[in-house]
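Descriptive analysis of the structure
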Amino acid sequence: MTTETPRSFALTIPSSLDQMDGVYSLVAEAVAACGIGEELAYWIELSLSESTINAIRHGNGLDPNKLVTVGIRCDGSQIELVVEDEGKGFDLADVPDPTNGDNLLKPSGRGILIIRSFMDSVSLDRRPSGGSRLTMIKKLSQPQP
Amino acid sequence: MSLTILTRRLDDVVILDLSGRVTIGEGSVQLRDHIRQLIAGGETKFLLNLADVDYLDSSGLGQLVSAFTTIRGQGGSLKLLNLTARLQDLLQITKLLTVFETFNSETEALKSFR
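Residues numbered from 1 in each chain as written. Chains lettered and ligands numbered in written order. Predicted model: local features only at pLDDT ≥ 70, side-chain atom pairs only at ≥ 80, totals over all residues. Heavy atoms only, no water.

**Focus on the environment of Q92 of chain B**
Here Q92 of chain B shows up in helix 3 (residues 85-93). Between the C-alpha atoms of Q92 of chain B and V22 of chain B, which are 70 residues apart in sequence, the distance is 18 Å. (Helix = DSSP H or I, 4+ residues; strand = E, 2+ residues; numbered from the N terminus.)

**Re the pairing of strand 4 (residues 77-81) of chain B**
Residue and element names in this part refer to chain B. Buried residues dominate strand 4, accounting for 4 of its 5 residues. Pairing of strand 3 (residues 45-56) with strand 4, which is carried by 5 bridges, proceeds in the parallel orientation. Note on strand 4: the bridge partner recorded for K45 is S77. You can see the chain leave strand 3, run along helix 2 (residues 58-73) and come back into strand 4, and the turn it takes is right-handed. (Buried < 20%, exposed > 50% of the residue type's maximum accessible area, 1.4 Å probe, protein only. Pairing = 2+ DSSP bridges. Right-handed = clockwise from strand over helix to strand, strands pointing away.)

**Notes on the nonpolar core**
Ranked by size, the top nonpolar core spans 70 residues in total, and within it I72 and I79 of chain A together with L18, I35, F46, L48 and F100 of chain B carry the most contacts. For this core, the leading source of residues is helix 2 (residues 38-59) of chain A, giving 10 residues. Among all residues touching I35 of chain B, those that are not within four sequence positions of it are L16, F46, L48, A67 and I71 of chain B. By size, the runner-up hydrophobic cluster in this structure holds 8 residues, among which are V13, I15, L47 and F113 of chain B. (Core = buried A, V, L, I, M, F, W, Y, C linked by side-chain atoms within 4.5 Å. Contact = heavy atoms within 4.5 Å.)

**Observations concerning the interface of chain B and chain A**
Contact residues are listed per partner, giving 25 residues for chain B and 23 residues for chain A. Between chain B and chain A, a total of about 2000 Å² is buried, with carbon and sulfur atoms accounting for 64% of that surface. The largest share of the area that chain B buries against chain A comes from I24, Y55 and R86 of chain B, three residues that together contribute 34% of it. Across the salt bridge formed by R21 of chain B and E45 of chain A, the nearest N and O atoms sit 2.6 Å from each other. Counting across the chain B and chain A interface gives 5 residue pairs in polar contact (both at pLDDT 80 or more). Only strand 3, helix 2 and helix 3 of chain B provide two or more residues apiece to the side of chain B that touches chain A. For the side of chain B that touches chain A, the element with the most residues is helix 2 of chain B, which contributes 8 residues. (Buried area = accessible area lost by both parts, 1.4 Å probe. Salt bridge = Lys/Arg side-chain N within 4 Å of Asp/Glu carboxyl O. Polar contact = N/O pair within 3.5 Å; in protein donor to acceptor, adjacent residues only side chain to side chain.)

**Concerning the sheet that holds strand 3 (residues 78-85) of chain A**
Residue and element names in this part refer to chain A. Taken in spatial order, the 5 strands of this open sheet run 1-2-3-5-4, and their pairing is antiparallel. Strands with a single pairing partner mark the edges of an open sheet, and in this sheet they are strand 1 (7-14) and strand 4 (121-126). Pairwise comparison of adjacent strand axes, ignoring direction, gives a mean angle of 15° for this sheet. One ladder, built from 8 bridges, connects strand 1 with strand 2 (residues 67-74); its direction is antiparallel. When the sheet's bridge partners are listed, F9 is paired in strand 2 with I72. Those strands touched by helix 1 (residues 20-34) are strand 1 and strand 2, and its axis lies near 175° from that of strand 1. (Axes fitted to C-alpha atoms, helices over the stretch in contact; angles between N-to-C directions.)

**Comments concerning the packing of aromatic side chains**
One pass over the structure, following the stated rule, counts 5 aromatic pairs over all chains. Centre to centre, the rings of Y42 of chain A and W43 of chain A are 5.1 Å apart; their planes meet at 90°, and the pair counts as edge-to-face. When the centroid spacing of 5.5 Å and the interplanar angle of 70° are considered together, the rings of Y42 of chain A and Y55 of chain B count as edge-to-face. Of this pair, Y42 of chain A sits in helix 2 while Y55 of chain B sits in strand 3, each in a different chain. Y55 of chain B carries the same exposure label as Y42 of chain A, and that label is buried. (Phe/Tyr/Trp six-rings, centres within 6.5 Å; stacked < 30°, edge-to-face > 60°.)

**A word on the state of the cysteines**
Residues and elements named next belong to chain A. A full pass over the atoms with the stated rule returns 1 disulfide over all chains. The disulfide bridge from C34 ends at C74, spanning 1.9 Å between sulfur atoms. Here C34 and C74 share a disulfide; its torsion about the S-S bond, -75°, makes the bridge left-handed. Here C74 lies in strand 2 and C34 lies in helix 1, a separation of 40 residues in the sequence. The same class applies to C34 and to C74, which are both buried. (Disulfide = S-S within 2.5 Å.)

**Regarding the sheet that holds strand 5 (residues 102-103) of chain B**
Residue and element names in this part refer to chain B. Strands sit in the order 1-2-3-4-5 across an open sheet of 5 strands; the sheet is mixed. The sheet is open, and its two borders are formed by strand 1 (4-10) and strand 5, each paired with just one other strand. Looking at chain direction, strand 4 and strand 5 are connected through 2 bridges and run parallel. The residue bridging L81 from the neighbouring strand is F103, located in strand 5. The strands touched by helix 2 within the sheet are strand 2 (13-22), strand 3 and strand 4, with strand 3 carrying the most contacts at an inclination of about 175°.

Function-wise, these values are silent; they only describe arrangement.
Here is the structure:
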């Protein structure tokens, strides 16, 4: 079960896929500090990395001069993941369903589906300073493995 | 832990024992290049043993799909062996279980190529 004391972790990186090791390390740090079990940790890492990759690639167009900030917050009742980029954002409803016919054999486009299948809530909004923010919440209603 | 690929052969089937992480960047590219090299060498029957893959992201999934379509396009086949529960979930969520033939027994998998 996660610790009830609120804990926050954050990292800001240039928009390069080479930076993903830092995100994996941030997850490992948060998982250990929050007491998150192995199974939950796997899906948290996957959700955060998929959304960070989307922010680097699609939000910021792989422009290393643009930044991505990732955050993890746990408080015993939920785990909140936040990914901010400097892009124009997108409508979650417009993301093509990768399980539909012609999309099924495409090599990409499954990240949002994976995130939505695991997280309890996923929302995208505009940041007051520009860019977009994806917020993902996993409720912890029961003790986690 | 990065990706390790061990290559075995039984009859005309190439078995790749994967272990570690298949993620965007290194692991995914390593898998792509390894399979491309084998295809270029004339291999057509592939069995990927995923028992020791402890993390695979959507890029890794995409790599499996790309390899599958490339090999199928050349008249060959790519099948999956020993999916972990997490990989089973990922393939279920993405409906890729409807694409790949999967096996829990290497013997049964090898029989299916005959």
